[in-house]
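# Fold and contact review
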Amino acid sequence: MSKGRIAGVIGLGSMGMGAACSLVAAGVETWGTDVRAESVADFVAHGGKAAASPAELASKVDALLILVVNAAQTESVLFGETGAVKHMKEGAVVVASSTVPASYAHELEGRLTEHGLLMVDAPVSGGAGKAATGEITVMGSGRPEAFEAADFLLNAIAAKLYRLGDQAGPGSTVKTINQLLAGIHIAAAAEAMALGIRAGVTPADLFEVISNSAGASWMFNNRVPHILDGDYAPLSAVNIFVKDLGIVLETGKELTFPLPLSAAAHQQFLSAAAAGLGTEDDSAVIKVFQKLAGIDLPESKSD
């Protein structure tokens, strides 16, 4: 039951905002904070409560959801100058949902335990659309008491909750594998569309056929429409996959495990970032082929 239990969300980006609004829609008193004042104001307009910093938010909440970009930002919002940890109630739970190395998630759990706090290692998937409707997938791991403390929050934001182990780490490992596949599939979709365009096939026709054929993937069906619309407003940016595929490759290095397809996809995203496309939607990785081969991509329908 969520009655009387209060949630906090640090990071009101596309996923964090959706999750925070899902908590509000579920009747949970929810506080939010973000470095962007406009995002906090938007959350307040949706019924949330504003905090100026993680420290201000921390003392109010029973469960704290963190949806920032990476491990460095997670570290900052928890242990930085205005970090949450030293202000949280004993027995409160941190739901750490940023994509981070599994080794960091495991270490973080130990440090939070020293402060009398619980942790669920809880990376998420599903995109902004699923976050907005409370239907994301959570790849969770952690102690049973941590899941119990976080149940009201997780029930409000997730359609599928997987419990993958009794300590932090396995959740982040599974998310790493998910990002391996997601990154490769986006890079492959871009390469396929670029080749078809270069060969003279109408892009819309190519998408229609492939999306109804064996070569399709969820990422192909989801990202190629961005290309067809010429719309590279970032729902998930190129730089996210520079980071996430970097985690994949570091994991392979730690395990002495070769990852040739991941490495090739990582180079494509790095190429896009080097070309100044890092903050565009990850489907903008197709523009690498535009620069290399001079293909004509669909123009924005709003132009």
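That block above? That's the structure.
Residues numbered from 1 in each chain as written. Predicted model: local features only at pLDDT ≥ 70, side-chain atom pairs only at ≥ 80, totals over all residues. Heavy atoms only, no water.

Moving on: the packing of helix α1 (residues 14–25) against helix α2 (residues 37–45). Here α1 crosses α2 at 25 degrees, and the two axes come no closer than 10 Å. Classified by the angle their axes make, α1 and α2 are roughly parallel. Between α1 and α2 lies a crossing whose hand is right-handed. Contacts between α1 and α2 pair M17, A20, C21 and V24 from the former with S39, D42 and F43 from the latter. Looking at the contact of α1 with α2 residue by residue, the classes come out as 5 nonpolar, 1 polar and 1 charged. (Axes fitted to C-alpha atoms, helices over the stretch in contact; angles between N-to-C directions. Helix = DSSP H or I, 4+ residues; strand = E, 2+ residues; numbered from the N terminus. Parallel < 35°, antiparallel > 145°, perpendicular 65-115°, else oblique. Left-handed = near helix turned anticlockwise from the far one by under 90°. Contact = heavy atoms within 4.5 Å. Nonpolar A, V, L, I, M, F, W, Y, C, P; charged D, E, K, R; others polar.)

One can find H226 in helix α10 (residues 218–229). Polar side-chain contacts of H226 include one of 3.5 Å to the backbone oxygen of N222. Setting aside anything within four residues of it in sequence, one finds H226 in contact with D231, L235, D281 and S283. (Polar contact = N/O pair within 3.5 Å; in protein donor to acceptor, adjacent residues only side chain to side chain.)

To continue, consider the pattern of salt bridges. In the structure shown here, the tally under the stated rule is 10 salt bridges. Put simply, R36 and D34 hold a salt bridge, and the shortest N to O gap is 2.8 Å. Look at R36 and you get partly exposed, because its relative accessible area is 36%. Relative accessible area serves as the criterion here: at 15%, D34 is assigned to the buried category. In this structure, K89 and D62 form a salt bridge, with 3.4 Å as the shortest nitrogen-oxygen distance. Taken together, the positions of K89 in the loop between α4 (71–79) and β5 (93–96) and D62 in the loop between α3 (54–58) and β4 (63–66) put the pair 27 residues apart, joining distant regions of the chain. (Salt bridge = Lys/Arg side-chain N within 4 Å of Asp/Glu carboxyl O. Buried < 20%, exposed > 50% of the residue type's maximum accessible area, 1.4 Å probe, protein only.)

Another aspect to go through is unusual backbone geometry. Although it is not a glycine, T256 adopts a positive phi angle of roughly 50 degrees. Mapped onto the fold, T256 is located in the loop between α11 (238–254) and α12 (260–277). Judged by its relative accessible area of 69%, T256 falls in the exposed class.

Further remarks concern the environment of I240. One can find I240 in helix α11. Measuring from C-alpha to C-alpha, the distance between I240 and D282 comes to 7.8 Å, with 42 residues separating the pair along the chain.

All right, on to the sheet that holds β5 then. With respect to topology, 6 strands assemble into an open sheet ordered β3-β2-β1-β4-β5-β6, the strand pairing being parallel. Strand pairing shows two members of the sheet lacking a second neighbour, β3 (49–50) and β6 (118–121), which therefore form its edges. Where β4 meets β5, 4 bridges bridge the pair, whose relative direction is parallel. Within β5, the residue paired with L65 across the bridge is V95. (Pairing = 2+ DSSP bridges.)

To continue, consider the pairing of β6. By the alternation rule, side chains of β6 split into L118 and V120 and M119 and D121, which are all buried. Relative to β6, β5 runs parallel, the two sharing 4 bridges. Residue pairing for β6: V93 is matched across the bridge by L118. For the crossover from β5 across helix α5 (residues 102–114) to β6, the handedness is right-handed. (Right-handed = clockwise from strand over helix to strand, strands pointing away.)

The subject of this paragraph is the pairing of strand β1 (residues 6–10). Regular strands place their side chains on alternate faces of the sheet. Among the 5 residues of β1, 5 are classified as buried, and the element is accordingly described as predominantly covered. Burial of β1 is two-sided: the residues I6, G8 and I10 facing one way and the residues A7 and V9 facing the other way are all buried. Bridge count for β1 against strand β2 (residues 29–33) is 5 bridges, and the pairing is parallel. Within β2, the position partnered with V9 by the bridge is G32. Note that the unit made of β1, α1 and β2 has a crossover that is right-handed.

With that settled, consider α2. All buried positions along α2 are accounted for by S39, V40 and F43. Relative to the axis of α2, the buried residues are bounded by an arc of 100 degrees and lie together on one face. Along α2, the residues that are exposed and aim more than 90 degrees away from the buried face are A37, E38 and A45. Close packing links the buried residues of α2 with α1, β2 and β3. A positive phi of about 100 degrees marks G47, the residue just after α2. (Arc of directions from axis to C-beta.)

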